[in-house]
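Architecture at a glance
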Amino acid sequence: MTGDTTGGTTGSHAPRRSDATRAAILDAAKERFAADGYERATVRAIARDAGIDPSMVMRYYGSKEGLFAAVIDVELDFPDLSEIDPDRLGVVLVTHFLELWEADTVLRTLLRVGVTNESGSDRLRQVFGTQLVPAARAFVPDPADAERRAALVASQVLGMALVRYVLRFGPAADMSRDDVVAWLAPTVQRYITAEAP
């Protein structure tokens, strides 16, 4: 009877420890990749930050590349754009991107690493290509032009993210969220809904 209880307890706790270890590794990796970039971040430093042995990182993720792939598995999680007034699309998108950048280090990590690492840049292109392009397609005057317009939107939101959250360029970093939205939203709106020049 006692043996059954112990076995059940052990079985129920093992997945929780495993999940907690994975989460600790991912959290440490996000911070380390964001701070050091892909090349300088090491498995040893990530393990130290997570408070575990480096062998555990390898056990769960196989390699630094495998860990990085898990870190940059990101969704843009757009709101339901079908419910949005098309004239407010710029405001909604810029606000959403600012919330994403501020809520999680993953996009900042992806941006920082994406400019120096091919895996990061591939993933960044994939995220925006598979998630932003379809969102833009629903609103652009000519759906065939959605990729170009989405690229223009990306130039605005990624450019602001780079100077505000990665480089921390003073004027951009110090602006309030409302000010950033006020400046960027009309441009994003024009890129998506205005007639082509």
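The following paragraphs examine the structure supplied in this document.

The rules we used
Residues numbered from 1 in each chain as written. Predicted model: local features only at pLDDT ≥ 70, side-chain atom pairs only at ≥ 80, totals over all residues. Heavy atoms only, no water. Helix = DSSP H or I, 4+ residues; strand = E, 2+ residues; numbered from the N terminus. Rg over C-alpha atoms; globule rule 2.2 N^0.38 Å. Contact = heavy atoms within 4.5 Å. Areas by Shrake-Rupley, 256 points an atom, 1.4 Å probe, with all protein chains shown as cover. Lys, Arg positive; Asp, Glu negative; His and termini not counted. Charge placed at Lys NZ, Arg CZ, Asp CG, Glu CD. Phe/Tyr/Trp six-rings, centres within 6.5 Å; stacked < 30°, edge-to-face > 60°. Buried < 20%, exposed > 50% of the residue type's maximum accessible area, 1.4 Å probe, protein only. Axes fitted to C-alpha atoms, helices over the stretch in contact; angles between N-to-C directions. Parallel < 35°, antiparallel > 145°, perpendicular 65-115°, else oblique. Left-handed = near helix turned anticlockwise from the far one by under 90°. Nonpolar A, V, L, I, M, F, W, Y, C, P; charged D, E, K, R; others polar. Core = buried A, V, L, I, M, F, W, Y, C linked by side-chain atoms within 4.5 Å. Salt bridge = Lys/Arg side-chain N within 4 Å of Asp/Glu carboxyl O.

1. A closer look at the overall build of the protein
Broken down by element type, the protein carries 10 helices and zero strands. For the protein, the sequential pattern of α-helices and β-strands runs α-α-α-α-α-α-α-α-α-α. Over its C-alpha trace the protein gives a radius of gyration of 21 Å, far above what one expects of a compact globule, namely 16 Å for 197 residues. Expressed as lengths along the three principal axes of its C-alpha atoms, the size of the protein is roughly 75 × 40 × 30 Å. Relative to all contacts within the protein whose residues are 6 or more apart in sequence, the contacts with residues 24 or more apart total 67%. As displayed, the protein has an accessible area near 10,700 Å², and 53% of this comes from carbon and sulfur atoms. For the protein, the distance from the average position of its 22 positive side-chain charges to the average position of its 28 negative side-chain charges is 7 Å.

2. Some points on the packing of aromatic side chains
Overall, the coordinates contain five aromatic pairs when judged by the stated rule. With 5.9 Å between their ring centres and 80° between their planes, Phe 78 and Phe 97 make a pair best called edge-to-face. Placement of Phe 78 in the loop between helix H4 (64-71) and helix H5 (89-103) and of Phe 97 in helix H5 is noted, with a sequence separation of 19 residues between them. Using a relative accessible area of 1% as the deciding quantity, one classes Phe 97 as buried.

3. A word on the packing of helix H7 (residues 118-137) against helix H8 (residues 146-166)
One way to put it is that H7 packs onto H8 with a least axis distance of 9 Å and a crossing angle of 115°. When the axes of H7 and H8 are compared, the pair comes out roughly perpendicular. H7 and H8 meet at a crossing whose hand is right-handed. Contacts from Phe 128, Leu 132, Val 133, Ala 136 and Arg 137 of H7 reach H8 at Ala 146, Glu 147, Ala 150, Val 153, Ala 154, Val 157 and Leu 158. Here the contact of H7 with H8 is composed, by residue class, of 10 nonpolar, no polar and two charged.

4. Remarks on the nonpolar core
Grouped together as the largest cluster of nonpolar side chains are 60 residues, with contacts concentrated most on Phe 33, Leu 67, Trp 101, Phe 128 and Ile 192. The dominant element in this core, judged by the number of residues it contributes, is H8, at nine residues. In this view, Leu 67 contacts Ile 25, Leu 26, Ala 29, Phe 33, Ile 46, Val 57 and Tyr 61; residues no more than four positions away in its chain are not counted.

5. A word on the pattern of salt bridges
For the structure shown, the criterion picks out eight salt bridges. Between Arg 32 and Asp 36 there is a salt bridge, with the nearest N and O atoms lying 2.9 Å from each other. Here Arg 32 pairs with Asp 36, and both are found in helix H1 (residues 2-40), just four residues apart, close to one helical turn. Relative accessible area serves as the criterion here: at 19%, Arg 32 is assigned to the buried category. Two residues, Asp 145 and Arg 148, come together in a salt bridge whose shortest N-O distance is 2.9 Å. Three or more residues are tied together by salt bridges with common partners; here these are Glu 99, Glu 102, Arg 164 and Arg 177.

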